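So you can see what is in the structure, the chains are spelled out below.
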Amino acid sequence: MSLLVHLGNLSRHPAHLSGELEVEELAAGETAQDLVRVDTPLRYAVEVQAQAAAILVTGRLETDVTCECARCLKTFRRRIVIEGWSVLLPLEGEDRVPVVNDAVDLTPFVREDTLLALPQHPLCDPGCGGLPAAPPPEVKVPDTASQQPGGVSVWAALERLKF
Ligand SMILES: [Zn+2]
């Protein structure tokens, strides 16, 4: 189910909406990043008010995600809470939001701000030291160094044949 706001009664009194958005609604077509997976319905509690040619949505969003630690690859759960979420949606002008059957779908805005709130660099612990037996960074040996000896000798041999 999408999160729809019906505009009909909004001018008379604010609307209070609460419920859950399914994972499919949240992650539709967008994989934020490999290390964080949205796998719990998002819980919302918002108030919607009519403004001059706009609607103002304020409230709270909350969900749980599964993260993979960027350093040690351990899987852990994290709660994402957006307190004081607010978004002003114009009903007129170039940036106006789509109104279908006198209703505005808040789902895309919830989705966008939730994805933005996900950790970019999840760590199981701020002091995570990484993998216990992490090998030292690989030292790259330039290709020429390993190929040069053979190559040189072949060309040197040809040179010798020519003269
Ligand atoms: Zn870690």
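Residues numbered from 1 in each chain as written. Predicted model: local features only at pLDDT ≥ 70, side-chain atom pairs only at ≥ 80, totals over all residues. Heavy atoms only, no water.

Asker: Is there a simple way to think about the pairing of strand S6 (residues 75-90) in this case?
Answerer: One ladder, built from 14 bridges, connects strand S5 (residues 54-68) with S6; its direction is antiparallel. Bridge pairing in S6 links Ala54 to Pro90. Counting the residues in the hairpin turn of S5 and S6 gives six residues, including Leu73, whose phi is positive at 70°. (Pairing = 2+ DSSP bridges. Helix = DSSP H or I, 4+ residues; strand = E, 2+ residues; numbered from the N terminus.)

Asker: Would you explain the pattern of salt bridges in this entry?
Answerer: When the charged atoms of two side chains with opposite charge come close together, those side chains can pair. In total, this model carries seven salt bridges according to the counting rule given. In this structure, the salt-bridge partner of Glu62 is Arg60, at a minimum N-O distance of 2.5 Å. Across the salt bridge formed by Asp64 and Arg79, the nearest N and O atoms sit 2.9 Å from each other. Residue Asp64 is located in strand S5, and its partner Arg79 is located in strand S6; the two are separated by 15 residues in the primary sequence. Judged by relative accessible area, Asp64 falls into the buried class, the value being 11%. Connected through shared salt-bridge partners, Arg43, Arg60, Glu62, Asp64, Arg79 and Glu83 make up one network. (Salt bridge = Lys/Arg side-chain N within 4 Å of Asp/Glu carboxyl O. Buried < 20%, exposed > 50% of the residue type's maximum accessible area, 1.4 Å probe, protein only.)

Asker: Just to check I follow, could you spell out the sheet that holds strand S1 (residues 4-6) for this structure?
Answerer: Strands pair in a sheet through their backbones, by hydrogen bonds, and they do so in one of two ways: parallel or antiparallel. Pairing within the open sheet is antiparallel, and its three strands lie in the order S1-S8-S7. For this open sheet the edge positions go to S1 and strand S7 (99-100), each flanked by a neighbour on one side alone.

Asker: What exactly am I supposed to notice about the nonpolar core here?
Answerer: One recurring pattern in soluble globular proteins: nonpolar side chains tend to sit buried together. Membership of the largest hydrophobic core comes to 34 residues, with the highest contact counts inside it found for Val48, Val57, Trp85, Leu89, Leu106 and Val110. For this core, the leading source of residues is S6, giving six residues. Leaving out residues up to four positions away in the same chain, Leu89 has contacts with Ala54, Ile55, Val57, Val97, Val104, Leu106 and Phe109. (Core = buried A, V, L, I, M, F, W, Y, C linked by side-chain atoms within 4.5 Å. Contact = heavy atoms within 4.5 Å.)

Asker: Can you walk me through the coordination of the zinc ion in this structure?
Answerer: Ideal geometry at a metal centre: 109.5 degrees between donors when four sit tetrahedrally, and 90 or 180 degrees when six sit octahedrally. Only Cys69 (SG), Cys72 (SG), Cys124 (SG) and Cys128 (SG) from the protein reach the zinc ion as donors, at distances of 2.3 Å. Considering all four donor atoms around the zinc ion, the spread of angles at the metal, 107 to 114°, places the coordination shape in the tetrahedral class. Donor residues for the zinc ion sit on one chain with the sequence pattern C-x2-C-x51-C-x3-C. Overall, Cys69 belongs to the buried group, its relative accessible area being 0%. When its relative accessible area of 16% is taken as the criterion, Cys72 is described as buried. (Donors = N, O, S within 2.8 Å, 3.2 Å for Na, K, Ca; no water. Tetrahedral: all angles 85-135°; square planar, octahedral: opposite > 155°, others 65-115°.)

Asker: Before we go on, may I ask you to explain the side chain of Arg111 in this structure?
Answerer: Locating Arg111 in the fold gives a position in helix H2 (residues 107-117). For Arg111, the side chain forms a polar contact with the main-chain oxygen of Glu25, separated by 2.9 Å. (Polar contact = N/O pair within 3.5 Å; in protein donor to acceptor, adjacent residues only side chain to side chain.)

Asker: Help me out: how do you make sense of the side chain of Thr107 in this one?
Answerer: Secondary-structure assignment places Thr107 in helix H2. One polar contact links the side chain of Thr107 to the main-chain amide nitrogen of Leu3, over a distance of 2.9 Å. Residues contacting Thr107, with those up to four places away along its chain left out, are Ser2, Leu3, Leu21 and Glu25.

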